[in-house]
Amino acid sequence: MLVAGFPAGSFQTNCYVVASGPGEACVVVDPGQDAVEPLDALLAEHRLTPVAVLLTHGHFDHTFSVTPVCDGHDIAAWIHPEDREMLADPMKGLSRESAAFFGGRLEMREPRSVEEMTDGSSLDLAGLTLRVDHTPGHTRGSVIFTPTSAADAGQGAEVIIAGDTLFAGSIGRTDLPGGDHGQMLESLRDKLLTRSDDALVLPGHGATTTIGRERASNPFLQGLDTPAPGRGL
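What you are looking at is a predicted structure, and each value in this text was computed from that prediction instead of being measured. (Residues numbered from 1 in each chain as written. Predicted model: local features only at pLDDT ≥ 70, side-chain atom pairs only at ≥ 80, totals over all residues. Heavy atoms only, no water.)

Caption draft 1: Summary view of the environment of Ala 25. For Ala 25, the position within the fold is in strand S3 (residues 25–29). As for Ala 25 and Leu 43, which are separated by 18 residues in sequence, their C-alpha atoms are 9.8 Å apart. Setting aside its immediate chain neighbours within four residues, Ala 25 contacts Val 18, Ala 19, Ser 20, Thr 49, Val 51 and Ala 126. (Helix = DSSP H or I, 4+ residues; strand = E, 2+ residues; numbered from the N terminus. Contact = heavy atoms within 4.5 Å.)

Caption draft 2: Representation of the packing of aromatic side chains within the structure. Taken as a whole, this structure holds two aromatic pairs when the rule is applied. Measuring from ring centre to ring centre gives 5.4 Å for Phe 11 and Phe 60, while their planes differ by 85°; the resulting arrangement is edge-to-face. Of this pair, Phe 11 sits in the loop between strand S1 (2–8) and strand S2 (13–19) while Phe 60 sits in helix H2 (residues 60–63), and the two are 49 residues apart along the sequence. According to the relative accessible area criterion, Phe 11 is partly exposed, its value standing at 35%. (Phe/Tyr/Trp six-rings, centres within 6.5 Å; stacked < 30°, edge-to-face > 60°. Buried < 20%, exposed > 50% of the residue type's maximum accessible area, 1.4 Å probe, protein only.)

Caption draft 3: Seen up close, the sheet that holds strand S4 (residues 49–54). Spatially, S1-S2-S3-S4-S5-S6 is the arrangement adopted by the six strands of the open sheet, whose pairing is mixed. Pairing within the sheet leaves two strands with one partner each, and these edge strands are S1 and strand S6 (114–116). Each adjacent strand pair in this sheet contributes to an overall mean axis angle of 25°, direction not counted. Bridge count between S4 and strand S5 (residues 76–79): three bridges; the pairing is parallel. Of the residues in S5, the one forming a bridge with Leu 54 is Trp 78. Contacting S1, S2, S3 and S4, helix H1 (residues 36–46) runs over the sheet at an angle of about 160° to S1. (Pairing = 2+ DSSP bridges. Axes fitted to C-alpha atoms, helices over the stretch in contact; angles between N-to-C directions.)

Structural data, given as structure tokens:
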């Protein structure tokens, strides 16, 4: 399986492409601000043909270029229904202070084709199977993706495209509209800390890490592995 990416725009949002190999079809994950040109260069470098765009959540630093990428390649965007409204109205995902920075208005629109995905679904795209896990906390519709290809099944470390749910040394903020710290901790415990230590985590910002590294050293994850019986988060 081929996974490649680059940080896009002033927010340095990681945009990824995933394919079964060079010269194949691929999916694009989170094309953010100013992502179109570097994405085109990455697709040309690996001779890839995009067949879908997958969005880990609806914040505009992850969706800024979704419409030109989707409409330019005549492909659909996939997003969780809880975050879909942010595609056309990104202000719904911003704090009052952030919205004021943009003059209270940021013009965006949905791509021509939008598909919705739900927790536990499997997307069969580009010769890949991508498991979708709903991880609310950063936003109501945040998800993570676990891609596999037939050729790589059962071989190598699991790959998790984590969006803004888990970072190297940190977790996604929960103080924006739709954020919920309790839900974030539940998502981390139930959807990420259940994975093996060698699972690779590709976050929405910053460096790649592993579940084992974060389990051992991420201050936000300490104590989440074994919650006390009967105690909710």
